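Topology and contacts: notes
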Amino acid sequence: MSSNFQAPKGVNEYFPPRSAAYLAARDAFAAAATRAGYSYLELPVFEDTRLFARGVGESTDVVTKEMYTFEDRGGRSITLRPEFTVGVLRSVLQHGLHKGELPAKVWATGPAFRYERAQAGRYRQFYQVDLEAIGSEDPAVDVETIALAWDWYRELGLTRLTLNLNSLGCRECRPVYRAALQEFLRALDLDEDTRARIEINPLRVLDDKRPEVRAQVEDAPLVTDYLCGTCKAHHDKVRELLADLSIPWVDEPRLVRGLDYYTRTTYEFDHPLLGAQSGIGGGGRYDGLSEDIGGPALPGIGFGLGLDRTVIAMEKEEVAAAASTGVAVYGVPLGEEAQRRVFGLVAELRRAGIATDMAYDGKKLKGAMRGADRSGAAYAVILGERDLAEGAAQLKDLRSGEQEAVPLDRIAGVLKEKLG
């Protein structure tokens, strides 16, 4: 019988064997980010509420409807992070990372929290990998982030990805587009809340997922038609460099994403097998965000990629986890003295970097070997009273079934040699 307690609604837990895919995806990203010169940040899961309100945007659904906000015992308003970028930038500024070599290149991972209607692929506690390059306007940095994400997805075995790409302009050219978009939207038959949004941030209307709204904005003016010369040149260079790297993309001039801080390059990765929640990651440039949270003028670009949806995509494409939680060696002690000797062997092998486990609780041979098979080990070390008397253990290849006696003082060396 299970416990009366269950995980909160909307929380996606990872437990064996499914956790192997999550771990493989996260660890592969860590390796990819490190290879590209990005350093790791470990961030708090909660921040001052004002940071998210100013950074993410007070008109966004994230701030107005989805944040987990509470007052702590000191009377401070605290919010569980709904996304990573603002917290990463706060940390970079607080610790002076922007005063060194630029761009400051960092990555982070962990849970984020939004109060949303729980459904497949959309969770109230969800997991992301996040990467940011802060302090450079170079379009090559934009493409570096896209390429790192693209190559990571491909390394995991995902093949049915679409990269959607857009430019949202800058603070020079966007006001002209904003005015044209507001004029168009004011003439539509929209509900009161949406009409209010037109005056605060009209781009959010383009991000509305409701079919009745999407149908009406089909002929809305496109931001790419209003780009200034500098933004157009930047966007053209991004597309040119993507072509140089043989990364395919789809120009999506209606892509705006859900946060206020995006400028210029904006992108999203979609996977067609995920249904309504097809977006598995995305990012873009946020050149004015530092000033918005009280920092110096500091351009930046980055992304957040959903680990939950990436795992679902791996399952949909039937991609095996790149890393295994199985062990290489499994100890089978038969008797008290055998357990002591096997326990020492297990510790020695683990210290040598070999994944090793053993049977506990005095299991008989049949039950212990069942555990060895379930562990995924390549070899079992079987040690009983007769083996102890003869000074040798039985080394069994669990794939071929072959078994040989190996002297106890050589068993560790033999296993290290066999396992490389």
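Residues numbered from 1 in each chain as written. Predicted model: local features only at pLDDT ≥ 70, side-chain atom pairs only at ≥ 80, totals over all residues. Heavy atoms only, no water.

Of the voids in this model, the second largest pocket is the one considered here, and its volume is about 390 Å³. Around the second largest pocket, the lining is made up of 21 residues, and of these Arg171, Arg174, Asn201, Asp260 and Asp292 lie nearest the centre. Contributions of two or more residues to the lining of the second largest pocket are made by α2 (49–56), α6 (174–186) and α11 (289–292). Partitioned by chemical class, the residues of the lining of the second largest pocket number eight nonpolar, six polar and seven charged. (1 Å grid on protein atoms, 1.4 Å probe; cavity = no way out; pocket = protein on both sides within 12 Å on 5 of 7 lines; lining within 4 Å. Points joined across faces, edges and corners; volume = space filled by probe spheres on them. Helix = DSSP H or I, 4+ residues; strand = E, 2+ residues; numbered from the N terminus. Nonpolar A, V, L, I, M, F, W, Y, C, P; charged D, E, K, R; others polar.)

Taken in spatial order, the three strands make up an open sheet running β2-β4-β3, and their pairing is antiparallel. Of all strands in the sheet, those bounded by a partner on one side alone are β2 (46–48) and β3 (69–71). In this sheet, neighbouring strand axes are inclined to one another by 35° on average, regardless of whether the strands run parallel or antiparallel. One ladder, built from three bridges, connects β2 with strand β4 (residues 77–80); its direction is antiparallel. Within β4, the residue paired with aspartate 48 across the bridge is isoleucine 78. Across the sheet, α2 touches β2, β3 and β4, and the angle it forms with β2 is around 80°. (Pairing = 2+ DSSP bridges. Axes fitted to C-alpha atoms, helices over the stretch in contact; angles between N-to-C directions. Contact = heavy atoms within 4.5 Å.)

Our focus in this paragraph is the environment of proline 248. Relative to the helices and strands, proline 248 is located in the loop between α10 (229–244) and β8 (250–251). Considering only alpha carbons, one finds proline 248 and alanine 196, 52 residues apart in sequence, at a separation of 38 Å. When neighbours within four sequence positions are excluded, proline 248 is seen to be in contact with Trp150 and Leu163.

This brings us to the packing of aromatic side chains. All chains considered together, the criterion is met by 14 aromatic pairs. Relative to phenylalanine 303, the ring of phenylalanine 29 lies with its centre 6.0 Å away and its plane at 75°, an arrangement referred to as edge-to-face. Of this pair, phenylalanine 29 sits in helix α1 (residues 19–35) while phenylalanine 303 is found in strand β11 (residues 300–306), placing the two residues 274 residues apart along the sequence. The same class applies to phenylalanine 29 and to phenylalanine 303, which are both buried. Aromatic pair tyrosine 68 and tyrosine 115: ring centres 5.8 Å apart, planes at 70°, arrangement edge-to-face. (Phe/Tyr/Trp six-rings, centres within 6.5 Å; stacked < 30°, edge-to-face > 60°. Buried < 20%, exposed > 50% of the residue type's maximum accessible area, 1.4 Å probe, protein only.)

What follows covers the nonpolar core. Ranked by internal contacts, the top residues of the largest apolar core, which has 88 residues, are Phe29, Trp152, Phe269 and Leu305. Contact partners of tryptophan 152, with chain neighbours within four places excluded, come to Ala25, Ala28, Phe29, Val129, Leu305, Leu307 and Thr310. Residues Ala338, Ala378, Val381 and Ala412 belong to the second largest nonpolar core, which totals 21 residues. (Core = buried A, V, L, I, M, F, W, Y, C linked by side-chain atoms within 4.5 Å.)

With that out of the way, let us pick up the pattern of salt bridges. Close approach of charged atoms lets side chains of opposite charge pair. Tallying each qualifying case throughout the model produces 20 salt bridges. The salt bridge involving aspartate 142 is made with arginine 285; its shortest N-O contact spans 2.4 Å. Here aspartate 142, found in helix α5 (residues 139–155), pairs with arginine 285, found in strand β10 (residues 279–285); they are 143 residues apart in sequence, far enough to count as distant. Of the two residues, aspartate 142 and arginine 285, neither departs from the other in class, the shared state being buried. Among the salt bridges present, the one from lysine 232 reaches aspartate 236, with a minimum N-O distance of 3.1 Å. In this pair, lysine 232 and aspartate 236 are both assigned in helix α10, four residues apart and thus about one turn of the helix distant. The network of salt bridges with common partners includes Lys232, Asp236, Arg239 and Asp251. (Salt bridge = Lys/Arg side-chain N within 4 Å of Asp/Glu carboxyl O.)

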